[in-house]
Amino acid sequence: MSAWISMICILIGTLFILIAAIGILRMPDLLMRMHAATKAGTLGAGLILIGVMFHFQKWNVTVEAIFTILFIFITAPIASHLLARAAYFRGIKLAKMTITDELKDHYDRKLS
Amino acid sequence: MVIKIWNVIIYFSLVLVMLSIVICFIRMIIGPALPDRVVALDLTANLLISFIAIFSVIANQSVYIDVVIALALIVFLTTVAFAKLIAWQSTIQKKIRNKETS
């Protein structure tokens, strides 16, 4: 039973990771790419670690996997937010289909 | 029978993760600016975490989970450092431009 659970978790996580990679190749904009990469990639890595946890069923592996999942889920939004903010103020080009840019009137980003 | 299907699916997911790493490298090469490359690098590290986790299942060695923890710690620091570098570059350029215009 636990073998099936770990197999299904690893397979679903891998599919999420593949979606993240396709999104990072196909999306037109930096912010959209970051959206695809961060969310789907984090979820995929978490699911794969849950699968590993169910496969080994040892005390130390479970604790380490839970801590890794917690760490990834905490740090991925922080890193992504820092990078998006820095890139926005650097003046990256937004995609043409962008409808609203609410920070446009508040900051000067005419640069490079 | 279960074991056979299990092996097939584990190797299949390993191949899919490797394919994703290749796609990330393509984005890292063609990325127009530095932030795109950093995003691709971040996702590549995330994929390496998944790769090592799946490989620990294949090798049946739980020691590789330690590698996953260390990699997850280092990746966060790398992305934060790159974000700081990008912000620092833009402030330096802004200072230079202000000096030229004034």
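For clarity, every value in this text was computed on a predicted model and none was experimentally measured. (Residues numbered from 1 in each chain as written. Chains lettered and ligands numbered in written order. Predicted model: local features only at pLDDT ≥ 70, side-chain atom pairs only at ≥ 80, totals over all residues.)

Asks: I'm lost on the overall build of chain B in this one. Help?
Replies: A tally of regular secondary structure across chain B gives three helices and zero strands. Scanning chain B from its N terminus toward the C terminus, one meets helices and strands in the order α-α-α. Its C-alpha atoms give chain B a radius of gyration of 20 Å, clearly above 13 Å, the size a compact globule of 102 residues would have. Projected onto its principal axes, the C-alpha positions of chain B cover 75 × 25 × 15 Å. When burial is assessed residue by residue, chain B has 31% of its 102 residues classed as buried. (Helix = DSSP H or I, 4+ residues; strand = E, 2+ residues; numbered from the N terminus. Rg over C-alpha atoms; globule rule 2.2 N^0.38 Å. Buried ≥ 20, exposed ≤ 12 C-beta atoms within 10 Å, placed from the backbone.)

Asks: It is not clear to me how the packing of helix H3 (residues 59-90) of chain A against helix H3 (residues 64-101) of chain B should be interpreted in this structure. Could you clarify?
Replies: Helix-helix packing is described using two parameters, namely the angle between the two axes and the distance between the axes. Contact pair H3(A) / H3(B): the axes reach a minimum separation of 9 Å and the direction vectors enclose 10°. As summarised for this structure, H3(A) and H3(B) are arranged roughly parallel, according to the angle between their axes. Partitioning the contact of H3(A) with H3(B) into residue classes produces 21 nonpolar, four polar and two charged. (Axes fitted to C-alpha atoms, helices over the stretch in contact; angles between N-to-C directions. Parallel < 35°, antiparallel > 145°, perpendicular 65-115°, else oblique. Nonpolar A, V, L, I, M, F, W, Y, C, P; charged D, E, K, R; others polar.)

Asks: Before we go on, may I ask you to explain the environment of Val17(B) in this structure?
Replies: Of note, Val17(B) is situated in helix H1 (residues 2-30). The spatial distance from the C-alpha of Val17(B) to the C-alpha of Gln89(B) is 34 Å, given a sequence separation of 72 residues.

Asks: Would you mind going over the interface of chain B and chain A with me for this structure?
Replies: One frequent convention defines the size of an interface as the accessible area lost when the parts assemble. The interface of chain B with chain A comprises 43 residues on the first partner and 44 residues on the second. Here the side of chain B that touches chain A is composed, by residue class, of 30 nonpolar, nine polar and four charged. (Contact = placed C-beta atoms within 7 Å.)

Asks: Please clarify how the nonpolar core should be interpreted in this entry.
Replies: Across soluble globular proteins, nonpolar side chains show a tendency to be buried alongside one another. Among the nonpolar cores identified, the biggest contains 52 residues, and Ala20(A), Ile24(A), Val52(A), Leu83(A) and Val39(B) are the most heavily contacted of them. Mapped onto this core, the elements with two or more residues apiece are helix H1 (2-26), helix H2 (30-56) and H3 of chain A together with H1, helix H2 (34-59) and H3 of chain B. With 14 residues, H2(A) is the single largest residue contributor to this core. With near-sequence residues (within four places) excluded, Val52(A) lies in contact with Ala65(A), Ala53(B), Ser56(B), Val57(B) and Ile65(B). (Core = buried A, V, L, I, M, F, W, Y, C linked by C-beta atoms within 7 Å.)

Asks: Help me out: how do you make sense of H2(A) in this one?
Replies: All names here are of chain A. For H2, built from 27 residues, the straight-helix expectation of 39 Å at 1.5 Å per residue is met to within 8% by its first-to-last C-alpha distance of 38 Å. Taken across its 27 residues, H2 has 22 buried, putting it largely inside the fold. Of the residues trailing H2, Gln57 is marked for its positive phi of about 55°. (Expected span 1.5 Å × (residues − 1).)

Asks: Got a minute to help me understand the confidence of the model for chain B in this structure?
Replies: As a note on interpretation, predicted positions should not be read in detail where pLDDT is low. All names here are of chain B. The pLDDT averaged across chain B works out to 89; a share of 97% of its residues lies at or above 70. Per-element confidence in chain B ranges from a low mean pLDDT of 88 for H3 to a high of 92 for H2. The ipTM for the predicted assembly is 0.87, set against a pTM of 0.88. (pLDDT = per-residue confidence, 0-100.)

Asks: Got a minute to help me understand the environment of Phe12(B) in this structure?
Replies: Residues and elements named next belong to chain B. Inspection of the secondary structure assignment puts Phe12 in helix H1. Classification of Phe12 by C-beta neighbours within 10 Å gives partly exposed; the count is 13. Spatially, the C-alpha atom of Phe12 lies 21 Å from that of Val68, the residues being 56 residues apart in sequence.

Asks: Quick question: what am I supposed to make of H1(A) here?
Replies: Side chains three or four residues apart in an α-helix point the same way, a direct result of the helix having 3.6 residues per turn. Helix length check: H1(A), at 25 residues, gives a terminal C-alpha distance of 36 Å against a target of 36 Å (1.5 Å per residue), a fit within 8%. Among the residues making up H1(A), those that are buried are Ser6(A), Met7(A), Cys9(A), Ile10(A), Gly13(A), Thr14(A), Phe16(A), Ile17(A), Ala20(A), Ala21(A), Gly23(A) and Ile24(A).

Asks: Is there a simple way to think about the packing of H1(A) against H2(B) in this case?
Replies: It is at 11 Å that the axes of H1(A) and H2(B) come closest, and there the two elements cross at 160°. As far as their axial angle goes, H2(B) and H1(A) are roughly antiparallel. As for how H1(A) packs across H2(B), the hand of that crossing is left-handed. Where H1(A) approaches H2(B), its residues Ile10(A), Gly13(A), Ile17(A), Ala20(A) and Ile24(A) are matched on the opposing element by Val39(B), Ala40(B), Leu43(B), Leu47(B), Ser50(B) and Ile54(B). Classifying every residue of the contact of H1(A) with H2(B) gives nine nonpolar, two polar and no charged. (Left-handed = near helix turned anticlockwise from the far one by under 90°.)

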